[in-house]
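# Report on the structure
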Amino acid sequence: MNPHPPPTPSTSEAVTPEALRQQYEAGATVDELVTSSGLSYGTVLNRLHDAGTVMRTSWQTRRMRQNPQARKRLAAHLRTLYEQHGATLTELAAAAGETRRSARRLLIEAGGTVRTTQQTLRMRAAARAAERQKVALSLRARYEAGATVPELAREHSYSVATVYRLLHQAGTRMRPQHTHGPAHDTSRRP
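Conventions adopted
- Residues numbered from 1 in each chain as written.
- Predicted model: local features only at pLDDT ≥ 70, side-chain atom pairs only at ≥ 80, totals over all residues.
- Heavy atoms only, no water.
- Phe/Tyr/Trp six-rings, centres within 6.5 Å; stacked < 30°, edge-to-face > 60°.
- Lys NZ or Arg CZ within 6 Å of the ring centre and 35° of its normal.
- Core = buried A, V, L, I, M, F, W, Y, C linked by side-chain atoms within 4.5 Å.
- Buried < 20%, exposed > 50% of the residue type's maximum accessible area, 1.4 Å probe, protein only.
- Helix = DSSP H or I, 4+ residues; strand = E, 2+ residues; numbered from the N terminus.
- Contact = heavy atoms within 4.5 Å.
- pLDDT = per-residue confidence, 0-100.
- Salt bridge = Lys/Arg side-chain N within 4 Å of Asp/Glu carboxyl O.
- Arc of directions from axis to C-beta.
- Expected span 1.5 Å × (residues − 1).
- Axes fitted to C-alpha atoms, helices over the stretch in contact; angles between N-to-C directions.
- Parallel < 35°, antiparallel > 145°, perpendicular 65-115°, else oblique.
- Nonpolar A, V, L, I, M, F, W, Y, C, P; charged D, E, K, R; others polar.

### Notes on the packing of aromatic side chains
- In total, this model carries 0 aromatic pairs according to the counting rule given.
- Seen from the ring of Tyr-82, Arg-115 lies directly overhead, with NZ or CZ sitting 3.7 Å from the centre.
- Across the ring face of Tyr-143, the terminal group of Arg-175 is positioned such that the distance to the ring centre comes to 4.0 Å.

Below, the structure written as structure tokens:
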């Protein structure tokens, strides 16, 4: 059995193209108009077209139905992530639960400017360098307080070579290296 019986001629006539257009432009979807009118999908589309309705995409409908204040807050949040934390459009899309295109649109709505890939790479490289310098200074402070390089390597899960490199980067004055093991007696050599 058909869950939507065909409308009677009087019902079909009562749903005018202009009435459908007004409901559609107020935010109703074609599916919702089909359900409320009892008309077929094709008939609703034909009547909307007859009334000169400009059709929306699904994302435009979602955008239309969104709370404008919530949308502004989301756009501002995405702009902060993008500009201050160096997030990519893909990361913004994941954070917003949107597509890359939607995230880009939100970013622009918030007054943000889309970066090139090279600008993003440079921004992230600078952030990594700043973080590495911070770690280097932290290691230097611990080293100058008496910690050994192997201890620092274990504490931070770095190799000894990485700790030496970071200490050097921080301009650390290194202590003399100790020789481990028995003392060498050079006088007994022939």
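### Concerning the nonpolar core
- Counting residues in each nonpolar core, the largest one holds 12 residues, listed as Val-135, Ala-136, Leu-139, Tyr-143, Ala-147, Val-149, Leu-152, Ala-153, Val-163, Leu-166, Leu-167 and Ala-170.
- Contributing elements (two or more residues each) for this core: α9 (117-144), α10 (149-156) and α11 (160-169).
- Looking at which element gives the most residues to this core, the answer is α9, with 4 residues.
- For Val-149, the contacting residues outside a window of four places in its chain are Tyr-143, Val-160, Val-163, Tyr-164, Leu-167 and Met-174.

### Some remarks on the confidence of the model for the protein
- Put simply, the protein has an average pLDDT of 82, and 86% of its residues get 70 or more.
- Contacts of residues 1-11 to residues separated by more than four positions or lying in other chains number 5 contacts, the stretch itself having pLDDT below 50.

### Let's talk about the pattern of salt bridges
- If you walk through the whole model with that rule in mind, you get 6 salt bridges.
- Here Glu-25 makes a salt bridge to Arg-21, at a shortest N to O gap of 2.8 Å. Taken together, the positions of Glu-25 and Arg-21, both in helix α2 (residues 17-25) and 4 residues apart, correspond to about one turn of that helix.
- Between Arg-140 and Glu-144 there is a salt bridge whose closest N-O contact spans 2.9 Å. Here Glu-144 and Arg-140 lie together in helix α9, a separation of 4 residues that amounts to about one turn.
- In this structure Glu-144 comes out as partly exposed when scored by relative accessible area, which is 48%.

### Concerning the environment of Thr-80
- Position of Thr-80 relative to the elements: it lies in helix α6 (residues 68-84).
- Owing to a relative accessible area of 33%, Thr-80 belongs among the partly exposed residues under this scheme.
- When the C-alpha atoms of Thr-80 and Leu-107 are compared, they prove to be 9.3 Å apart, with 27 residues separating the residues in sequence.

### Examining helix α4 (residues 41-50)
- Regarding α4, the residues found buried are Val-44, Arg-47 and Leu-48. All buried residues of α4 fall inside an arc of 100 degrees around its axis, so they share one side.
- Downstream of α4 by one or two residues, Gly-52 has phi in the positive range, about 75 degrees.

### A few points about α9
- In this model α9 runs 40 Å from its N-terminal to its C-terminal C-alpha over 28 residues, within 8% of the 40 Å that 1.5 Å per residue would give.
- Where α9 is concerned, the buried positions are Thr-120, Val-135, Ala-136, Leu-139 and Tyr-143.
- Packing partners of the buried residues in α9 comprise α10 and α11.
- Looking at the residues trailing α9, positive phi occurs at Gly-146, about 120 degrees.

### So, the packing of helix α7 (residues 89-96) against helix α8 (residues 100-109)
- Here α7 crosses α8 at 95 degrees, and the two axes come no closer than 8 Å. It follows from the interaxial angle that α7 and α8 lie roughly perpendicular. On the side of α7, the interface is formed by Leu-89, Thr-90, Leu-92 and Ala-93, while α8 contributes Arg-100, Ala-103, Arg-104 and Leu-107.
- Residue composition of the contact of α7 with α8, grouped by class: 5 nonpolar, 1 polar and 2 charged.

### Observations regarding unusual backbone geometry
- Positive phi, normally seen in glycine, also occurs at Ser-157, with a value near 55 degrees.
- Looking at where Ser-157 falls in the secondary structure, it is placed in the loop between α10 and α11.
- Accessibility expressed as a relative area gives 66% for Ser-157, which makes it exposed.

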